[in-house]
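One letter stands for each residue in the lines below.
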Amino acid sequence: MQKTYYDPADLKKFGKISEWNEELGKKFFDYYAKVFEEGALSEREKSLIALAVAHTIQCPYCIDAYTGDGLQRGITKEEMMEALHVAAAIRGGASLVHGVQMMNKVNKLDM
Amino acid sequence: MVTKSLHKRESDLANSKRQLEILSNGIFRSGDLPKFAHKIAETNQFPLKAKKLEILQINLGYMCNQVCEHCHVDAGPDRKEIMTKETMLQCLDVIKKTGAHTLDLTGGAPEMNPNFRWFVDEASKVGIKDFIVRSNLTIIKSNKKFADLPEFFKSHNVHVVSSMPHWTKGKTDKQRGTGVFDQSIEALKELNAIGYGIPGSNLRLDLVYNPSGAFLPGNQTSLEKDFKKSLLEDFNIQFHNLFAITNLPISRFLDYLIASDNYEDYMYALVEAYNPAAVKNVMCTNTLSVSWNGFLYDCDFNQMLELPVNSNAKHISDYNEELLYNRDIVISQHCYGCTAGAGSSCQGSVT
Ligand code: SF4
Ligand code: SF4
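Okay, so let's go over this structure. Only a predicted model underlies this, so the values are computations on that prediction, with no experimental measurement involved.

All names here are of chain B. When you tally the buried positions in strand β3 (residues 130-134), you get four out of five residues, the bulk of the element. In the sheet, strand β2 (residues 102-106) pairs with β3 via four bridges, with the strands oriented parallel. In the strand pairing of β3, L103 is matched with F131. Read from β2 through helix α4 (residues 116-125) to β3, the crossover connection turns out right-handed. For β3 and strand β4 (residues 159-163), the ladder comprises three bridges, and the chain directions are parallel. In the sheet register, I132 faces β4, and the bridge partner there is H159.

In structure tokens:
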């Protein structure tokens, strides 16, 4: 039996998901490819967003893929780390901003 | 940081036979990855054949002022192999009669050959359409005697092609050595000041980008855009084109791949990115490489692996364009570096 849930080799097999549902698989990959094309945002900016989101959703496949993608694009490690801090700040902020809800509740219930 | 060539360190990998063994064993022997010959046979492209010669590339020697970590030449100040005047004279005979439209001088640092200027002087008289010198930029700043190189290049209408692994100091110095970035920037400013690299100028200045690690180059056009934007904004520097070149798994780059435990992953990445359309235009099909001692090779990489041309004309002294035409190219697994993604050659992408 496989000893871990994640195997780096599985990333390369991503495309195979279409084998069990070709129509939806194809639609998804077409959409995916289109999303990352240069538009109002550059491909480089999109790659950094993807890297930050990958860390937010903690997907090891995506972290692997978008770290490599960033290096190929000449994105520096300083830029990558800054993008991660944006993700971390939003994540941390999202917890802390709910503190207002807690404070509201305490203020209402507490004498 | 590397400071000596593999040769000087007496590394196992200084031996080209050892490199070729590595490239044929392991994952290629076990069949986990297909050998290059099998791969190109899938699309009926085996054997690779030389077409009409367009580029004559001459290596003036392995001596260099730098010791870059990825160098496929294993060049450095400790390499003493440089072309003699006698061999240069033989090269000049060939330059006079070749049908090639491009002459490409490389090294090491070709400028360190004491007969470099004489040779450029003589070769430029022949009137070859495109006369390239691959200059590493820092050589211009390394010693007072090289300070006038930009003017020398200009007076001979030389097309300058220079390496620049990144537009930031950190990534550049890591690959090429401390201080390389600042010196390269200074050299580029000097070249710009006399007209090199300015839009519309006939004085061609192109940059070469190699990834600074075990990954493939991204899209050449977008990298060129990023390089141009950053160099212009940060340093007011301009250049014409960027050539994105894949690092081939030989010599010091192979040593790095093995030492950093990246060799297998890198070979997988190259094979996965294999592009049959790039095979048609790999540079050995229109280039011939001459070594410092006058021997002929299909490309600079084969020269370093000591894989001579498969032809009866083996040396510049018995050069014969007709004999060399249509020869079978000598290949091994390093060739996957030329066919990954958009393909890679000394002139950048090939598709
Ligand atoms: S890569 Fe070029 S500049 Fe660097 S050591 Fe090799 S020949 Fe010299
Ligand atoms: S490494 Fe040399 S022989 Fe092999 S494909 Fe590239 S140019 Fe041709």
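Glancing now at unusual backbone geometry. Trans is the prevailing form of peptide bonds, just as negative phi is the prevailing case for residues other than glycine. All names here are of chain B. At the junction of F46 and P47, the peptide bond is cis and its omega measures out at -5 degrees in the coordinates. Look at the link from G107 to G108: it is a cis peptide, with omega at 25 degrees. Assignment of secondary structure puts G108 in the loop between β2 and α4. The phi dihedral of D74 falls on the positive side, at around 60 degrees, and the residue is not glycine. Here D74 shows up in the loop between β1 (55-59) and α3 (85-97).

Bringing the site of ligand 2 into the picture now. The immediate surroundings of ligand 2 are formed by L248, V282, M283, C284, C299, F301, N302, I329, V330, H334, C335 and C338 of chain B. For the shell around ligand 2, a count of residues per class yields ten nonpolar, two polar and no charged.

What follows concerns the site of ligand 1. Residue and element names in this part refer to chain B. Every residue lining ligand 1 is accounted for by C64, Q66, V67, C68, C71, A75, G108, N136, R176 and R252. Placement of ligand 1 is best described as lying within the largest cavity. Its residues assigned to classes, the shell around ligand 1 shows five nonpolar, three polar and two charged.

Once that is clear, we can look at the interface of chain A and chain B. The interface is formed by ten residues belonging to chain A together with 14 residues belonging to chain B. Between chain A and chain B, roughly 870 Å² of surface is buried when both sides are summed, and carbon and sulfur atoms account for 51% of that area. Among the residues chain A hides against chain B, the three largest losses belong to K12, L71 and Q72 of chain A. Together they make up 50% of the total. Our count for the contact surface shared by chain A and chain B stands at two salt bridges. Residue D226 of chain B is joined to R44 of chain A by a salt bridge in which the shortest nitrogen-to-oxygen separation is 3.4 Å. Secondary structure elements with two or more residues in the side of chain A that touches chain B: α3 (43-56) and α4 (60-72) of chain A. In the side of chain A that touches chain B, the residues fall into two nonpolar, three polar and five charged.

Our focus in this paragraph is the nonpolar core. Of all hydrophobic cores here, the largest spans 105 residues; its most connected members are L56, I58 and L105 of chain B. Core analysis: the second largest hydrophobic core is formed by nine residues, A52, M80, A83 and A87 of chain A among them.

Turning our eyes to something else, we now look at the sheet that holds β2 of chain B. Here we have eight strands laid out as an open sheet, ordered β6-β5-β4-β3-β2-β1-β7-β8 (chain B), and mixed in their pairing. The open sheet has two edge strands with one neighbour each: β6 (242-244) and β8 (296-297) of chain B.

One pass over the structure, following the stated rule, counts 17 aromatic pairs over all chains. Plain terms: the ring middles of F28 of chain A and F29 of chain A are 5.2 Å apart, the flat faces sit at 75 degrees to each other, and that makes the pair edge-to-face. With relative accessibility at 32%, the residue F28 of chain A sits in the partly exposed group. Relative accessible area serves as the criterion here: at 25%, F29 of chain A is assigned to the partly exposed category. Consider the rings of F36 of chain A and Y66 of chain A, whose centres lie 5.5 Å apart with planes at 25 degrees: the pair is stacked. In this pair, F36 of chain A is assigned in the loop between α2 (22-35) and α3 and Y66 of chain A in helix α4, connecting sequence segments 30 residues apart. Chaining the aromatic ring pairs together yields one cluster made of F14, F28, F29, Y32, F36 and Y66 of chain A. Residue placement shows K85 of chain B over the ring face of W118 of chain B; its charged tip is 4.4 Å from the ring centre. Its end group placed over the ring of F239 of chain B, K228 of chain B keeps NZ or CZ at 5.3 Å from the ring centre.

Conventions we followed
Residues numbered from 1 in each chain as written. Chains lettered and ligands numbered in written order. Predicted model: local features only at pLDDT ≥ 70, side-chain atom pairs only at ≥ 80, totals over all residues. Heavy atoms only, no water. Buried < 20%, exposed > 50% of the residue type's maximum accessible area, 1.4 Å probe, protein only. Helix = DSSP H or I, 4+ residues; strand = E, 2+ residues; numbered from the N terminus. Pairing = 2+ DSSP bridges. Right-handed = clockwise from strand over helix to strand, strands pointing away. Near = heavy atom within 4 Å. Nonpolar A, V, L, I, M, F, W, Y, C, P; charged D, E, K, R; others polar. 1 Å grid on protein atoms, 1.4 Å probe; cavity = no way out; pocket = protein on both sides within 12 Å on 5 of 7 lines; lining within 4 Å. Sits in = over half its atoms within 2 Å of the grid points. Contact = heavy atoms within 4.5 Å. Buried area = accessible area lost by both parts, 1.4 Å probe. Salt bridge = Lys/Arg side-chain N within 4 Å of Asp/Glu carboxyl O. Core = buried A, V, L, I, M, F, W, Y, C linked by side-chain atoms within 4.5 Å. Phe/Tyr/Trp six-rings, centres within 6.5 Å; stacked < 30°, edge-to-face > 60°. Lys NZ or Arg CZ within 6 Å of the ring centre and 35° of its normal.

These values are about where atoms sit, not about what they do.
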